[in-house]
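Commentary on secondary and tertiary structure
The primary structure of each chain is shown beneath.
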Amino acid sequence: MNPEAAPTPIAASRPGTSPTEKAPPFDAHAQARVLVVDDEQVIREILSDFLLMEGYQVLTAENGRVALDVLAHHAVHLVLSDLKMPEMGGLELLEGIRDRYPEVVTLIMTGYGTVETAIEAMKRGAFDYVLKPFKVEEVVHTVRRGLEQQRLRAENIELRAALSLYQLAARLGDEPDLARTLRLVVATVLEQTNADRVSVILLPDDDVRWEGASSGHGEPITEHDLAEAALGLHGSVLANQGRAFRFLRGSDCTAPVTSLLMTPLTGRHKLLGLLVAVRHGGRPFIEGDRKLMTIIADRAAAAVHNAQLFETQERTFRHTIEALVTTLEEKDRYTAGHSARVAEFAEITARQMGLDEEFVQLIHQSGRLHDLGKIKLRTEELNKPGPLTPEEYERFKMHPVYGEELLGPIPSFRDVLPGVWGHHERFDGNGYPRGIGGDNIPLMARIMAVADSYDAMTSHRAYRTALTHGYAIGELVRCSGTQFDPTCVDAFLVAIETWRAVRSVAGESYPQ
Ligand SMILES: [Fe+2]
């Protein structure tokens, strides 16, 4: 019987194996590999023999130091170790394993009279202990139990990973808001890894500054706490104790960190940022936590990438609106500021009507753009002091259509179009360009009509000076139900008084 024939020499005779050689990743479902650590060769032989017969792969080491060296180069599921050994005993070995290989199950063998030490070993993370002299069957049984518990733990982690990924994917959906996306990712990692603190840190992107989100106890980890090595990460890392500080800078904020998980968020081959989870004391993270965070990070990176794209698109959208409106207002000096005021009046009316915030934002954008089609009219006609000729008026009536033609082909303007083409429609169906009435006119357009008319009356025009607030309100009331939707007029009447009161208190001008 020579159980050590194959595996043992790896451990015993090559303690200084090349440091570049790394242990393969831990896999709870692979054939179980047991490391027997005892300074007595006969015990190593007996245990190896029985464990091999049970179908396990076996490695051996004669003390704690050699055992750590074996662990550095081989994926091991369970370590069965003596307590008293030269060079490095079992307790010290346990600590090394707990810090560096927390997923490895440890069993302690000890002689009679040292039960206290065995209990101490369990406090340091040992799964169980067996007393010497032992029955080999008893040891094998305990090994089996330890491995079973490890397998269940791994399955539990995999199940949690699948579940959390499903939940995250469902909650993220097509979430366009970057801040909300980041908060969701952080909350999921915090919940799934039981970390003390989780941060997601996005790298600066062109003109966008550092941003991120953080949740948990203690100070948030921010970009200032990252060491240079963190920015060069290609895969996720699990680092405990001092090794965590290869990726973190030492600071008051990082000082309590005893265990670190760090995963790059990569989108389209570009490093978008880092997902960082830390524990302050207690059980270190295990390999399963690292895998779980890697899976979450994959999904998160895609969501962050999308949200960033969406934000860029939004910015471009807003800049485009500003540029278009500025161009129009330079051309039509009498409507300078008109678009901004109509946007504001439409917004306060929509709010007064209890419409949702998304609609309120859209109607504001629509207000900015509602007269954009005038850009196609002749400048001299726009600024004409007298009445328009019938031909000029026909051309003027085309501006809602021109606006729709200009903006229609751009998908991001789609939702603001009703306010553009429909703001001259009348509730009684006598408006233009479509001549539709009642609820056939989109709500956005019905509100816009009221806001537009109020501002047209209360501001200076090429053909007349501004009319008073009282006169304009009288006209809106008079035309409620014919030109205007009464519901929109009623909401406007309330909203405009509040608006005027606020302007008055703030010392800002408003129609008198
Ligand atoms: Fe108009």
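Residues numbered from 1 in each chain as written. Predicted model: local features only at pLDDT ≥ 70, side-chain atom pairs only at ≥ 80, totals over all residues.

Re the overall build of the chain
Convention followed: A run of DSSP states H or I qualifies as a helix once it reaches four residues; a run of E qualifies as a strand once it reaches two. Both are numbered from the N-terminal end. Note on method: radius of gyration uses C-alpha positions; expected globular size equals 2.2 Å times residues raised to 0.38. Partly exposed residues are those whose C-beta has more than 12 but fewer than 20 other C-beta atoms within 10 Å; 20 or more makes a residue buried and 12 or fewer makes it exposed, with C-beta atoms placed from the backbone. Contact criterion: two residues are in contact if their C-beta atoms, reconstructed from the backbone, are within 7 Å.
Broken down by element type, the chain carries 18 helices and ten strands. Expected size for 512 residues packed as a compact globule is a radius of gyration near 24 Å; at 36 Å, the chain overshoots this value by more than 25%. In terms of its C-alpha atoms, the chain occupies a principal-axis envelope of roughly 115 × 40 × 40 Å. Within the chain, the fraction of its 512 residues that count as buried is 38%. Restricting to contacts in the chain with at least 6 residues of sequence separation, those with at least 24 account for 64%.

Some points on the nonpolar core
Quick note on the threshold: The nonpolar core is taken to be a set of buried Ala, Val, Leu, Ile, Met, Phe, Trp, Tyr and Cys residues joined by way of C-beta atoms within 7 Å.
Counting 46 residues, the largest nonpolar core has V189, L260, L275, V276, A300 and V304 as its most contacted members. For this core, the element with the highest residue contribution is helix α9 (residues 287-331), accounting for nine residues. Each residue touching L260, except ones within four places of it in the same chain, is listed here: A239, A244, F247, L248 and V278.

What to know about the environment of G273
Take G273: it is sitting in strand β10 (residues 270-279). By C-beta crowding, G273 is classed as buried, having 27 other C-beta atoms within 10 Å.

A look at unusual backbone geometry
In the segment running from K132 into P133, the intervening peptide bond is cis, with an omega of -5°. Within the secondary structure, P133 sits in the loop between β5 (128-132) and α6 (136-172). A positive phi angle, close to 70°, is found at E87, a residue other than glycine. Looking at the element boundaries, E87 is found in the loop between β3 (78-82) and α4 (90-100). You will see that N194, though not glycine, has its phi angle at about 55°, which is positive.

Topic: the packing of helix α16 (residues 443-458) against helix α18 (residues 486-506)
Note the threshold: The angle between two axes is taken between their N-to-C directions and runs from 0 to 180 degrees, where each axis is a line fitted to C-alpha atoms and a helix contributes only its stretch in contact. Every angle not falling under 35 degrees, over 145, or within 65 to 115 is termed oblique; those three ranges are roughly parallel, roughly antiparallel and roughly perpendicular. A crossing counts as left-handed when the near helix is turned anticlockwise from the far one by less than a right angle, and as right-handed when that turn is clockwise. Lys, Arg, Asp and Glu make up the charged group, whereas Ala, Val, Leu, Ile, Met, Phe, Trp, Tyr, Cys and Pro make up the nonpolar group; the residues left over, Gly among them, are polar.
Axis separation between α16 and α18 bottoms out at 9 Å; the angle between their running directions is 50°. Taken together, α16 and α18 sit at an angle that is classed as oblique. Viewed along their axes, α16 and α18 form a crossing whose handedness is right-handed. Here α16 contributes R446, I447, V450, A451 and Y454 to the contact with α18, which in turn contributes C488, V489 and F492. Here the contact of α16 with α18 is built from residues that sort into seven nonpolar, no polar and one charged.

What about the sheet that holds strand β2 (residues 57-61)?
As a reminder of what qualifies: Strands were regarded as paired on the criterion that DSSP finds at least two bridges between them.
On the basis of which strands lie adjacent, the open sheet formed by five strands has the order β2-β1-β3-β4-β5 and parallel pairing. The open sheet terminates on both sides in strands that have one partner only, identified here as β2 and β5. Between one strand axis and the next, the sheet turns by 20° as a mean value, whatever way the strands run. Where strand β1 (residues 33-37) lies against β3, four bridges are found, and the strand directions are parallel. Across the sheet, residue V36 finds its bridge partner in β3, namely L80. Taken strand by strand, helix α2 (residues 41-53) contacts β1, β2 and β3, and its axis lies near 170° from that of β2.

Observations regarding the environment of N240
Relative to the elements of secondary structure, N240 occurs in strand β8 (residues 237-240). With 46 residues separating them in the primary sequence, N240 and I286 have C-alpha atoms 9.8 Å apart.

Considering the pairing of strand β6 (residues 197-202)
When you tally the buried positions in β6, you get six out of six residues, the bulk of the element. Strand direction decides the pairing type here: β6 and β10, joined by six bridges, are antiparallel. Looking at β10, one finds that S199 is bridged to V276.

Things to note about α18
The test is simple: One less than the residue count of a helix, multiplied by 1.5 Å, gives the span that helix is expected to have. Directions are taken from the helix axis to each C-beta atom, and the arc is the one they span.
For α18, spanning 21 residues, the distance from its first C-alpha to its last is 30 Å, which sits close to the expected 30 Å at 1.5 Å a residue. Among the residues making up α18, those that are buried are C488, V489, A491, F492, A495 and I496. Taken down its axis, α18 places every buried residue within 150° of arc, on the same side. Residues of α18 that are exposed and point more than 90 degrees away from the buried face comprise E497, T498, A501, S504 and V505. Structurally, α18 contributes buried residues whose contacts are with α10 (338-352), α16 and α17 (469-478). Positioned one or two residues after α18, G507 has a phi angle of 75°, which is positive.

Side note on the domain arrangement of the chain
Condition: Throughout, the edges of the domains are those of an automatic or database domain assignment.
Domain annotation of the chain identifies domain 1 (8-153), domain 2 (173-306) and domain 3 (332-506). A separation of 48 Å is found between the C-alpha centroids of domain 2 and domain 3.

Some remarks on the confidence of the model for the chain
The predicted coordinates of low-pLDDT regions are not to be read in fine detail. Put simply, the test is: A residue's pLDDT is the predictor's confidence in that residue, given on a scale from 0 to 100.
Chain-level statistics for the chain give a pLDDT mean of 84 and a share of 90% at 70 or above. Segment residues 1-22 is flagged for pLDDT under 50; beyond a separation of four residues in sequence, or across chains, it makes 30 contacts in the model.

Description of the packing of helix α3 (residues 64-73) against α4
The N-to-C vectors of α3 and α4 enclose an angle of 20°; their axes lie 9 Å apart at closest approach. With respect to each other, α3 and α4 are oriented roughly parallel. As α3 packs across α4, the resulting crossing turns out to be right-handed. Here G64, A67, L68 and L71 of α3 come into contact with α4, specifically with G90, E92, L93, G96 and I97. Its residues placed into classes, the contact of α3 with α4 shows five nonpolar, three polar and one charged.

Some thoughts on the environment of G435
Tracing the chain through its elements places G435 in the loop between α15 (417-421) and α16. Between the C-alpha atoms of G435 and E425, which are ten residues apart in sequence, the distance is 6.2 Å. Sequence-distant contacts of G435, that is, excluding residues within four places in its chain, are made with G429 and N430.

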